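Close look at the chain arrangement
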Amino acid sequence: LEVVSDQVADYLRVKAVEVMENVLQANPELDLVYAHSDEMGIGAYNAAQAAGREIMIISIDGEKEALQMVQEGQIQGVAKKSVEFPTVTEVAWKILKGEDYPEETILECVMVTSENVDE
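So, a few notes on the structure that sits alongside this text.

Parameters at a glance
- Residues numbered from 1 in each chain as written.
- Predicted model: local features only at pLDDT ≥ 70, side-chain atom pairs only at ≥ 80, totals over all residues.
- Heavy atoms only, no water.
- Helix = DSSP H or I, 4+ residues; strand = E, 2+ residues; numbered from the N terminus.
- Rg over C-alpha atoms; globule rule 2.2 N^0.38 Å.
- Buried < 20%, exposed > 50% of the residue type's maximum accessible area, 1.4 Å probe, protein only.
- Contact = heavy atoms within 4.5 Å.
- Axes fitted to C-alpha atoms, helices over the stretch in contact; angles between N-to-C directions.
- Parallel < 35°, antiparallel > 145°, perpendicular 65-115°, else oblique.
- Left-handed = near helix turned anticlockwise from the far one by under 90°.
- Nonpolar A, V, L, I, M, F, W, Y, C, P; charged D, E, K, R; others polar.
- 1 Å grid on protein atoms, 1.4 Å probe; cavity = no way out; pocket = protein on both sides within 12 Å on 5 of 7 lines; lining within 4 Å.
- Points joined across faces, edges and corners; volume = space filled by probe spheres on them.

This part takes up the overall build of the protein chain. A tally of regular secondary structure across the protein chain gives four helices and four strands. Relative to the compact-globule value of 14 Å for 119 residues, the protein chain shows a C-alpha radius of gyration of 17 Å, a clear excess of over 25%. Referenced to the eigenvectors of the C-alpha coordinate spread, the extents of the protein chain come out at roughly 55 × 30 × 25 Å. Considering the protein chain as a whole, with its 119 residues, one finds that 31% of them fall into the buried category. Intrachain contacts of the protein chain at a sequence separation of at least 6 include 55% that bridge at least 24 residues.

Shown next as structure tokens:
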């Protein structure tokens with residue numbers, strides 16, 4: 001695995017399309033994209049399709065549209081995060097009340113692929 005680019009698209013699909021267009025032009029052998037949100041992953045997919053490029057896409061979130069794209073084989077994987085808000089709220093409340101709280105909280109994450117997307 002060789003990282004050829006590390007770009008920011010502000011979690012926006014439109015900006016991800018622009019960023020991906022530039023990355024594709026500069027990297028004709030690019031074959032995998034990791035996007036830190038489904039919106040950016042979908043934008044990267046759209047740019048790759050417009051350029052006629054077949055590229056594996058992995059993103060994070062678990063948005064309905066991204067999961068459907070996994071089902072259709074357009075995106076290869078989505079890391080679906082657990083619900084963060086209740087856990088974060090519980091820890092914050094303990095801190096505010098001066099109670100003991102875990103030094104580290106690990107949130108569950110499931111990789112969704114074509115093999116388990118229907119679940």
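Attention shifts here to the packing of helix H2 (residues 38-50) against helix H3 (residues 64-71). Running from N to C, H2 and H3 cross one another at 45°; their axes reach a closest spacing of 9 Å. Put simply, H2 runs oblique to H3. For the crossing formed where H2 meets H3, the hand is left-handed. In this structure, H2 contributes Asp38, Ile42 and Tyr45 to the contact, and H3 contributes Glu65, Ala66 and Met69. In terms of residue class, the contact of H2 with H3 is made up of four nonpolar, no polar and two charged.

In this structure, the largest pocket occupies an estimated 750 Å³ of space. If you trace the largest pocket, you find 27 residues lining it, with Ser5, Asp6, Leu32, Val33 and Tyr34 closest to the centre.

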